[in-house]
Amino acid sequence: MTTTLEPLGIVRIEALHYYVHDLERSRRFYLERLDFAETGASTSDLDREGHQRSAAFEAGDVRILCSQPLGEGGRAWRYLRKHPDGVGAVIFEVEDADRAFRLLEERGGTPVTDLQVHEDEGGTLRTFNITTPLGDTTFRFVERRGYRGLYPGVARHAAPKGGQNAFGFGYIDHLTSNFQTMKPALLWMEHVLGLEEFWEVQFHTKDAAEARRAAIQAQKGSGLRSVVMKDPRSGVKFANNEPWRPAFKSSQINVFNEDHRGDGIQHAALTVTDILSAVRGLRARGVEFMPTPASYYEALPARIQETGIGRIDEEVKTLQELEILVDGAGRGSYLLQIFLRDAAGLYHEPEAGPFFFEIIQRKGDQGFGAGNFRALFESIEREQQREGRA
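Note that the structure is a prediction, hence the values are computed from the model and not measured. Counting starts from 1 at the beginning of each chain's written sequence and moves along it residue by residue. For a predicted model such as this one, the threshold for reporting local features is a pLDDT of at least 70, and the threshold for listing and counting side-chain atom pairs is 80 or more; totals across whole chains, interfaces and linings nevertheless cover every residue. Heavy atoms from the whole structure form the basis of all side-chain values; hydrogens and water molecules are not counted.

Draft legend 1. Spatial organisation of the layout of surface pockets. Lining residues are those with an atom within 4 Å of a point, where the points come from a 1 Å grid over the protein atoms alone and group into cavities, where a 1.4 Å probe fits but cannot get out, or pockets, open sets with protein on both sides within 12 Å along at least five of seven lines. Grid points are joined across faces, edges and corners, and a volume is the space filled by probe spheres set on the points. There is about 710 Å³ of room inside the largest pocket. Taken together, 30 residues line the largest pocket, and the ones lying closest to its centre are His17, Gln52, Arg75, Asn129 and Arg140. Numbered from the N terminus, helices here are DSSP runs of H or I no shorter than four residues, and strands are runs of E no shorter than two. Where the lining of the largest pocket is concerned, the elements lending two or more residues are β1 (10–19), α2 (44–50), β3 (52–59), α3 (75–82), β5 (86–94), β6 (116–119), β7 (124–130) and β8 (138–145). Throughout, the ten residues Ala, Val, Leu, Ile, Met, Phe, Trp, Tyr, Cys and Pro are labelled nonpolar, Asp, Glu, Lys and Arg are labelled charged, and all others, Gly among them, are labelled polar. Across the lining of the largest pocket, the residue classes tally to 10 nonpolar, 15 polar and 5 charged.

Below, the structure is given as structure tokens:
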């Protein structure tokens, strides 16, 4: 799949806006478990007018904005009437908000409002939101010109509170969304956002469609179909999944859809500089991860050779001890990853939702190989079977 559309000028994923039932629980998780810092909070005006209380948590270039409803009528309240806790908006930094707005509207994007301009003592913030095929998740685009605040109504603290990013989080590497049928979303990403399909890089083949079919057919029993879309200029990536026959209903993608009560963002991958030390530290703080069976590591040395990686720097014994996964498709080029338990599992509360974080360290490999998706798929299925949800 190729595109000749003019780029929107996306710079990066700036933040995720996460709607939650319990802001204090989220605060404890980010500050005490992940060692994020709280960098800002909603003003009393926003609390009153927006009917929600918010706080921003940051580590490296990762920003998570959490909002809890205050009574009825606000955006968080409307989202949580339909869904458990989840990502209600993705916030993108763009080079030129006016141009992005014009291009999106020309291509059939659906703005929620006109472009809005906000000012503070430092400069201006230009912003607008659009609807998306990702269920009730919207996309927000922001252009900063010296603006010192976080967002309108969300003021920066005089000094960050809490963590020091002890685990070396870097930025949001990619987002993964689950759909009952994903083709409409893929077409929207191509023709409205101007994204390109990324599978030919992933599988290192000229025939992306053939490689994708082979990857799908390799799945046993309950399966999924996955396509990655990429913004050609910024490198921002979206992985997209749908259930795959014959066991559509028992697929973990469909289980997500039932738990989330609709399509939506399944997980966000956060980069780290040293995944071994990060996972050790996070486990010491009580963070729980999806389990990986010993059989995975028994087969790992052979798979490293079969995929063409050849060798890795880490000891397989250490990876098994920490339950870290390996993927890649090039000589000495690979990635290391691990998945946290979903929020419902972490908090032992279904309304906390099926969203989770992935932690990833890229060591040369920038793709999404079949092993990457299969590792995630199998890990989630084991967790769902353990909890009796599949």
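Draft legend 2. Structural detail: the sheet that holds strand β2 (residues 37–42). Two strands form a pair only when DSSP identifies at least two bridges running between them. Read from one edge of the open sheet, 9 strands run β6-β7-β8-β5-β1-β4-β3-β2-β9, paired in mixed fashion. In this open sheet, the two edge strands, each paired with only one partner strand, are β6 and β9 (154–162). Each strand of the sheet is rotated relative to its neighbour by a mean of 25 degrees, with strand direction disregarded. Where β7 lies against β8, 7 bridges are found, and the strand directions are antiparallel. Bridged to threonine 127 within β8 is valine 142. Orientation is described by lines fitted to C-alpha atoms, with helices fitted over the stretch in contact, and by angles between N-to-C directions that extend from 0 to 180 degrees.

Draft legend 3. Quick look at the sheet that holds strand β12 (residues 223–230). Read across the sheet, 8 strands follow the order β11-β12-β13-β10-β14-β17-β16-β15 without closing on themselves; strand pairing throughout is mixed. Two strands in the sheet have a free side with no partner beyond their single neighbour: β11 (196–197) and β15 (325–330). Where strand β10 (residues 169–178) lies against strand β14 (residues 264–272), 7 bridges are found, and the strand directions are antiparallel. Counterpart to phenylalanine 169 in the pairing with β14 is valine 272. Seen against the sheet, helix α9 (residues 275–284) touches β10, β14, β16 (333–339) and β17 (356–363) and runs at an angle of roughly 5 degrees to β16. Whether two residues are in contact is decided by their heavy atoms: any pair within 4.5 Å suffices.

Draft legend 4. Molecular detail of the packing of aromatic side chains. Only the six-membered ring of Trp is used, alongside the rings of Phe and Tyr, when aromatic pairs are assigned; centres must lie within 6.5 Å, and planes under 30 degrees apart are stacked while those over 60 apart are edge-to-face, with the rest tilted. Scanning all chains against the criterion turns up 18 aromatic pairs. Centroid distance phenylalanine 36 to phenylalanine 169: 5.5 Å. Interplanar angle 55 degrees. Geometry classified as tilted. With phenylalanine 36 in the loop between α1 (23–33) and β2 and phenylalanine 169 in strand β10, this residue pair connects regions lying 133 residues apart in the sequence. Per residue, the accessibility class of phenylalanine 36 equals that of phenylalanine 169, and both read buried. When the ring of phenylalanine 92 is compared with that of phenylalanine 238, the centres are 6.1 Å apart and the planes differ by 50 degrees; the resulting orientation is tilted. Here phenylalanine 92 is found in strand β5, whereas its partner phenylalanine 238 is found in strand β13 (residues 237–244), with 146 residues between them in sequence. You can call phenylalanine 92 buried: its relative accessible area is 1%. Accessibility here uses a 1.4 Å probe with only protein chains present; expressed as a share of the type maximum, an area under 20% marks a residue as buried, one over 50% as exposed, and anything in between as partly exposed. Judged by relative accessible area, which is 4%, phenylalanine 238 ranks as buried.

Draft legend 5. Spatial organisation of the side chain of glutamate 58. Relative to the helices and strands, glutamate 58 resides in strand β3. Assessed through its relative accessible area of 16%, glutamate 58 is described here as buried. Within 3.5 Å is the distance limit for a polar contact, defined as a pair of N or O atoms, with the added protein rule that one can donate a hydrogen and the other accept it, and that residues adjacent in sequence qualify only through two side-chain atoms. Among the polar contacts made by the side chain of glutamate 58, one reaches the side chain of arginine 63 at a distance of 3.1 Å. With near-sequence residues (within four places) excluded, glutamate 58 lies in contact with Phe36, Ala37, Thr39, Arg63, Leu150 and Arg156.

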